[in-house]
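# Residue-level structural notes
One letter stands for each residue in the lines below.
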Amino acid sequence: MIGLISATAAGAAARDRLVAAWPERVRVYDGPVGDAVRRAFAECEQLVCFLATGAVVRLVAPLLSDKATDPGVVCVDEGGRFAVSLVGGHGGGANELARQVGELLEAQPVVTTATDAVGVPGLDTLGLPVEGDVAGVSRALLDGEPVALRAEVPWPLPPLPVGAEGAYVVRVTDRIVERVAEREVVLRPPSLVVGVGASKGAPVDEVLGLIESTLGDAGLSLKSLAELATVDAKAGEPGIVEAAERLGVPVVTYSAEQLAGVEVPNPSDAPLAAVGTPSVAEAAALVRGGELLVPKQKSERADGRPAMATCAVVRRPGRGRLAVVGLGPGARDLLTPRAKAELRRARVLVGLDQYVDQIRDLLRPGTRVLESGLGAEEERARTAVEEARKGQAVALIGSGDAGVYAMASPALAEASDDIDVIGVPGVTAALAAAAILGAPLGHDHVSISLSDLHTPWEVIERRVRAAAEADIVVTFYNPRSRGRDWQLPKALAILAEHRKPTTPVGVVRNASRPDESSRVTTLGALDPATVDMMTVVTVGNTATRDIAGRMVTPRGYRWQASQEGAE
């Protein structure tokens, strides 16, 4: 919950904008400002104070105890010009909150945390448990001193300016480290899965004790435990459920049929008779792959009675992550916040050289860029998937929406279920052009590429003819190039068989870019020679009208009928 505190009418007005935008996230604290701040500080994860920073410093200073647990505090000035991350930039999430508040209030976020200021991810913001000399190693990263990355467990990290050697070390491990070395930071990836089997009524202390002793004896850290896995029949077993709650991890279950298909070193008749699979602990840990570090272990009971719990440990290396990112039509303000976040998260960026140039300034220091020229789409797709399979966090970029005549299709054709794939939508060229032209896509519409490099012309022609006969608005991509100058005239001729010469046609070149140009003409007057590969051509249907120089396609046909009746 975010506590909101204001003292003036202007502050209350800005506060109410946050209330309207985040009704479920915020709580307003009224009354004397000092009392309001103290109550919010005790009850909320974050605070936004519409007060002077000096006043907030004096109010929260006596309340501060630990940066790992203190709420994040953001100050917004009386004029609503700045959202200042004051306290808890990383641990309290104030840096990100300042950005969000700034976006909503059209204020400038002010973030002074050193790593954020220069674009280096904070070691305590990676979502992994961290220990060691965080301040010292972060300072070395900022100062450009050599920092070595020692990844004992492959894990998809964001870009860090690290190398193979250095006096400072970032160590990624799931093993117990008795004493972290000087100038070293240890990151704990959630790489360990513990498969658990339990008899009905197994005590939580027996289940928990077995898990802790098994990991400890194997030299593995509880901080890297990702989940407990078991069979569906044990999903509600109190000993397993409570053990997971105490460990702070989820319980993941699988059907007996799934587990029975997993090859394990220690099958048994007992679980087969009880739940329908010869293995629970080992099979549940191994069902999604990984390396069996500790085979089935049984609990030991002080009274000498039979064990009621079993467990096995598997290391499941981090899956590579491929984000297929649409950059939009070119204008920076049409690049979505989600796309920006994925670009900054990626350790490896793959893309067409001219698209890379558009967003190079958004990349974090240390991002590895793999760029190539026109015509290498399939090669880029393969490269991106290969990098993700190495356990990297990869962004593959394309213009517009990456799923529309862009990189998502070849990338997903290469990818399999051994990597995570995330699609990030973008504003397409058709949508950008439509917004410039007016509302040409107000009813059913279709996009057709006139490039026959990958699709035979016979197929393209059939699609154009079907759209013409169905009276659908058509947006033509790749309409004309130096080597392809006859396809657009042919497509327009097909449409002309079913539409009047006065049908509005919109022509937009370099939509949303500095040299953008657009015009509305007609099907009969359009000169194909004025069109090139940077142009999007939108041909209206029989209902489309030119109104005050804008293309408008109504949502229904009653409007058209009334117009025709008036003629």
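Computed from a predicted structure; not experimentally measured. (Residues numbered from 1 in each chain as written. Predicted model: local features only at pLDDT ≥ 70, side-chain atom pairs only at ≥ 80, totals over all residues. Heavy atoms only, no water.)

## Concerning the overall build of the protein chain
The following threshold applies: Secondary structure is summarised from DSSP: a helix means a run of H or I of at least four residues, a strand means a run of E of at least two, and numbering begins at the N terminus for each. The buried label applies to any residue whose accessible area, calculated with a 1.4 Å probe on protein chains only, is under 20% of its type's maximum; exposed applies above 50%, and partly exposed to all values in between. The contact definition used throughout considers only heavy atoms, calling two residues in contact when any of these lie within 4.5 Å. Under the convention used here, a 1.4 Å probe and the Shrake-Rupley method define accessible areas, while residue burial counts only the protein chains that appear. For the purpose of charge, His is not counted, nor are the chain termini; Lys and Arg are scored as positive and Asp and Glu as negative. To locate a charge, take atom NZ for lysine, CZ for arginine, CG for aspartate or CD for glutamate.
Within the protein chain, the regular secondary structure consists of 19 helices and 28 strands. Dimensions along the principal axes, computed over C-alpha positions, put the protein chain at roughly 95 × 65 × 50 Å. Looking at the protein chain as a whole, 47% of its 567 residues are labelled buried. Here the contacts in the protein chain between residues at least 6 apart in sequence split such that 64% fall between residues at least 24 apart. Of the roughly 26600 Å² of accessible surface on the protein chain, 50% is carried by carbon and sulfur atoms. Across the protein chain, the 59 positively charged side chains and the 72 negatively charged ones have centroids separated by 2 Å.

## A short note on the sheet that holds strand 28 (residues 550-552)
This is how the line gets drawn: At least two DSSP bridges between two strands are required for those strands to pair.
What the three strands build is an open sheet, ordered 21-28-27; its pairing is mixed. In this open sheet, the two edge strands, each paired with only one partner strand, are strand 21 (438-439) and strand 27 (545-547). Where strand 27 lies against strand 28, three bridges are found, and the strand directions are antiparallel. What sits directly across from Ile-547, in strand 28, is Arg-550.

## Looking at the pairing of strand 1 (residues 2-6)
Just so we agree on the cut-off: Orient the strands so they point away from the viewer; a crossover is then right-handed if the path from the first strand over the helix to the second runs clockwise.
Here strand 1 lies mainly inside the structure; five of its five residues are buried. Pairing between strand 1 and strand 3 (residues 46-50): five bridges, direction parallel. Bridging across to strand 3, Ile-5 finds its partner in Cys-49. Relative to strand 2 (residues 26-28), strand 1 runs parallel, the two being bridged by three bridges. The residue bridging Leu-4 from the neighbouring strand is Val-28, located in strand 2. Chirality of the crossover, the property in question, places the unit of strand 1, helix 1 (residues 9-21) and strand 2 among those that are right-handed.

## Digging into the pattern of salt bridges
Side-chain pairs of opposite charge can arise whenever the charged atoms involved come near each other. Note the threshold: Throughout this description, the term salt bridge denotes a Lys or Arg side-chain nitrogen within 4 Å of a carboxyl oxygen of Asp or Glu.
Counted according to the given criterion, the structure contains 27 salt bridges. Across the pair Asp-418 and Arg-389 runs a salt bridge, and its minimum N-O distance is 3.2 Å. With Asp-418 in the loop between helix 15 (408-414) and strand 20 (420-424) and Arg-389 in helix 14 (residues 377-389), this residue pair connects regions lying 29 residues apart in the sequence. The partly exposed category is assigned to Asp-418, whose relative accessible area is 36%. Taking relative accessible area as the criterion, Arg-389 reaches 41% and is therefore assigned partly exposed. Sharing partners across several salt bridges, the network here consists of Arg-15, Asp-16 and Asp-30.

## Points about the environment of Asp-77
Turning to its location among the elements, Asp-77 is positioned in the loop between strand 4 (72-76) and strand 5 (82-87). Judged by relative accessible area, which is 21%, Asp-77 ranks as partly exposed. For Asp-77 and Leu-352, which are 275 residues apart along the polypeptide, the C-alpha to C-alpha distance reads 42 Å.

## Remarks on the packing of helix 7 (residues 204-217) against helix 8 (residues 238-247)
For clarity, the cut-off: Between N-to-C directions, angles cover 0 to 180 degrees, with each direction set by a line fitted to C-alpha atoms, over the stretch in contact for helices. Roughly parallel here means an angle under 35 degrees, roughly antiparallel means over 145, roughly perpendicular means 65 to 115, and every remaining angle is called oblique. Crossing handedness is defined as follows: a turn of the near helix away from the far one that is anticlockwise and smaller than a right angle gives a left-handed crossing, while the clockwise case is right-handed. As a working rule, the residues Ala, Val, Leu, Ile, Met, Phe, Trp, Tyr, Cys and Pro are called nonpolar, Asp, Glu, Lys and Arg charged, and the rest polar, with Gly in that last group.
Contact geometry for helix 7 and helix 8: axes closest at 8 Å, N-to-C directions at 55°. The orientation of helix 7 with respect to helix 8, classified from their angle, is oblique. The interaxial crossing formed by helix 7 with helix 8 has right-handed handedness. Residues Val-204, Asp-205, Val-207, Leu-208, Ile-211 and Glu-212 of helix 7 form the contact with helix 8, whose own contacting residues are Gly-239, Ile-240, Glu-242, Ala-243, Arg-246 and Leu-247. For the contact of helix 7 with helix 8, the residue count by class is seven nonpolar, one polar and four charged.

## Quick notes on the sheet that holds strand 10 (residues 184-187)
Within the open sheet, the four strands sit side by side as 7-10-9-8. Their pairing is mixed. Of all strands in the sheet, those with a lone pairing partner are strand 7 (130-132) and strand 8 (147-151), marking the two edges. Going from strand to strand, the sheet's axes swing by 20° on average, the running direction of each strand aside. Relative to strand 10, strand 7 is paired through three bridges, and the arrangement is antiparallel. Bridge pairing in strand 10 places Glu-131 opposite Val-186. Against the sheet, helix 6 (residues 134-143) touches strand 7, strand 8, strand 9 (168-172) and strand 10, its axis set at about 115° to strand 9.

## A closer look at unusual backbone geometry
Despite not being glycine, Glu-106 has its phi angle at roughly 55°, a positive value. Summarising the element assignment, Glu-106 is placed in the loop between helix 4 (94-105) and strand 6 (108-110). Here Glu-106 falls in the exposed class, since its relative accessible area comes to 72%.

Read these as layout, nothing more, since geometry by itself doesn't imply function.
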